[in-house]
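These are the residues of each chain, in order.
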Amino acid sequence: MAMWGGRFTEASLEEFKAFNDSIGFDYQLAQQDIAASKVWAAGLAEAKLISQHEAKQLQDALQQLALKLEQDPTLPVDSGEEDIHSWVEGQLTEQLGAVARKLHTGRSRNDLVATDLRLWARDAAQAVRHSLLASVQALLNFAEAAGGAVMPGYTHLQRAQPVMVAHWALAYVEMLKRDLGRLDDAVSRLNVCPLGAGALAGTGVPVDRSWLATELGFDTAAANSLDAVSDRDFVVELSAAASLCMTHVSRLSEDVVFFCSGEAGFFKLGDAISSGSSLMPQKKNPDVFELLRGKSGRILGQLVAILHVLKGLPLAYNKDMQEDKQGFFDLMQQWQQSLQVLATVLPHLP
Ligand code: ARG
């Protein structure tokens, strides 16, 4: 039975369930859901709503579940559960029986999903940060390796003045440094904990929300419960930072495509990062840079999508907000991978 099915007498229509369920993508929040649940169990025990023994039972079972998911993160996908929150509770119930049902006391999937997604975004942003720094380093190495080499600098795509190849590479270092600032700035604002905001109006459970926040590594607890459950600014901010960063990557890629072309011929594509043509043996195609250029379109599309989902939504939670995830998961993954690939292929250019 769904977490909310208690007063329903009819089963869900198959088509409704297939459309409504989010387990097919929010299973990616499993570890975050478990982390938030462990802390919530401790909060319930502290508030004397469950015993310390029950809290320990819940936490041990959650820990086991986390290990099981490390082996197979896609485990929840075919479970038939509605979402990751019901899946975790279902697994606990199978293992512990009635005590598992106590875990959801005083919380809602609305504050839970907002917490899970922030935890996920924080980790994903760290991975992006790592790859962004790798790209900056690769550009610095590229500039150093270029030494005193010069090539034409362009305005209006017409040869304007000679510039050093290193000067070109360092221009992109400046852009990526600003992107790093935007990423860090977005992370500093997202690091606020919604847990304890309940469905919309707070929780009846006397939990210390600042303690919950600290335990989960947040800087502070959210100040307003209506905002806490319905704020997805952090998704927008990271998507905007990704869009601008990938716009820079697309400009760099376009430069490289042109510089490697027969018309310019300033850079040479290494075999290890090029593809050829089965029909035209003279060709060496800059697929990697074309793909990087193309990814920027996909990422910008996700930014526009989330802004449209949020525009005009009344407070507080609305199911529209379930549409915040798939595009965002994809965006953060593509952003990180693109930057990592850029760092990897740059040494194969000259
Ligand atoms: N799957 C839902 C989402 O991602 C979880 C929250 C559900 N809340 C609710 N009131 N139906 O948004």
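Residues numbered from 1 in each chain as written. Predicted model: local features only at pLDDT ≥ 70, side-chain atom pairs only at ≥ 80, totals over all residues. Heavy atoms only, no water.

Chemist: Kindly report on the side chain of D330, identifying the contributing residues and their values.
Modeler: As for its position among the elements, D330 is in helix α12 (residues 325–345). A distance of 3.0 Å separates a polar atom in the side chain of D330 from a polar atom in the side chain of Q302. The residues touching D330, leaving out its near neighbours within four places in the chain, are R298 and Q302. (Helix = DSSP H or I, 4+ residues; strand = E, 2+ residues; numbered from the N terminus. Polar contact = N/O pair within 3.5 Å; in protein donor to acceptor, adjacent residues only side chain to side chain. Contact = heavy atoms within 4.5 Å.)

Chemist: An account of a nonpolar patch on the surface is needed here, citing residue identities and associated values.
Modeler: A cluster of nonpolar side chains, namely W4, F8, L13 and F16, defines an oily patch on the protein surface of about 410 Å² accessible area. By secondary structure assignment, the location of F8 is in the segment before α1 (14–20). A residue is classified by how much of its surface remains accessible, and F8, at 44% relative accessible area, is partly exposed. (Patch = residues over 30% accessible without salt bridge, like charges linked within 9 Å, V, L, I, M, F, W, Y side chains within 5 Å. Areas by Shrake-Rupley, 256 points an atom, 1.4 Å probe, with all protein chains shown as cover. Salt bridge = Lys/Arg side-chain N within 4 Å of Asp/Glu carboxyl O. Buried < 20%, exposed > 50% of the residue type's maximum accessible area, 1.4 Å probe, protein only.)

Chemist: Mind laying out the site of the ligand, listing which residues take part and the relevant values?
Modeler: In the region of the ligand, the neighbouring residues are S22, D26, D83, H85, R109, N110, V113, Y317, Q322 and K325. Contacts to the ligand include Y317, whose side-chain N or O atom sits 2.3 Å from an oxygen atom. Q322 places a side-chain nitrogen or oxygen 2.7 Å from a nitrogen atom of the ligand. Isolated, the ligand exposes 340 Å² of accessible area, and the fraction of that covered by the protein chains is 86%. Per-element tally for the shell around the ligand: the top contributor is helix α6 (residues 109–146), with three residues. (Near = heavy atom within 4 Å.)

Chemist: Which residues make up unusual backbone geometry, and what values do they have?
Modeler: Residue A316 follows L315 across a cis peptide bond; omega there is 0°. The residue H156 is not glycine, and still its phi comes out positive at about 55°. Secondary-structure assignment places H156 in the loop between β1 (150–155) and β2 (158–164). A positive phi angle, close to 55°, is found at L157, a residue other than glycine. Here L157 is to be found in the loop between β1 and β2. Given the relative accessible area of 63%, L157 is considered exposed.

Chemist: Describe the pattern of salt bridges, listing the residues and the values that go with them.
Modeler: Applying the stated criterion across every chain yields a total of 18 salt bridges. Ionic pairing is found between R232 and D324, a salt bridge with its closest N-O pair at 2.7 Å. Of this pair, R232 sits in the loop between α9 (225–230) and α10 (233–260) while D324 sits in the loop between α11 (287–310) and α12, and the two are 92 residues apart along the sequence. Neither R232 nor D324 differs from the other in exposure class; each is buried. Notably, a salt bridge pairs E254 with R293, separated by 2.4 Å at the nearest N-O pair.

Chemist: Account for the packing of aromatic side chains, naming residues and giving values.
Modeler: Under the criterion given, the structure shown has 12 aromatic pairs. On the basis of an interplanar angle of 65° and a centroid distance of 5.5 Å, the ring pair of F142 and F267 is categorised as edge-to-face. One end of the pair, F142, is in helix α6; the other, F267, is in the loop between α10 and α11, with 125 residues separating them in the sequence. Taken together, a centroid distance of 5.7 Å and an interplanar angle of 65° make the contact between W168 and F259 edge-to-face. Residue W168 is located in helix α7 (residues 165–190), and its partner F259 is located in helix α10; the two are separated by 91 residues in the primary sequence. Owing to a relative accessible area of 4%, F259 belongs among the buried residues under this scheme. (Phe/Tyr/Trp six-rings, centres within 6.5 Å; stacked < 30°, edge-to-face > 60°.)

Chemist: Any details on the nonpolar core? Residues and values, ideally.
Modeler: Core analysis: the largest hydrophobic core is formed by 98 residues, its most contacted members being W168, F267, F289, M332 and W335. Broken down by element, this core gets its largest block of residues, 16 residues, from α6. Ignoring any residue separated from it by four or fewer positions in sequence, one finds W168 in contact with F142, M151, L252, D255, V256, F259 and F267. Counting five residues, the second largest nonpolar core, distinct from the first, contains A197, A222, A228 and A316. (Core = buried A, V, L, I, M, F, W, Y, C linked by side-chain atoms within 4.5 Å.)

Chemist: Help me get a handle on the environment of G265, residues and values and all.
Modeler: Mapped onto the secondary structure, G265 falls in the loop between α10 and α11. For the pair G265 and E144, spaced 121 residues apart in sequence, the C-alpha to C-alpha distance is 20 Å. Sequence-distant contacts of G265, that is, excluding residues within four places in its chain, are made with F258 and F259.

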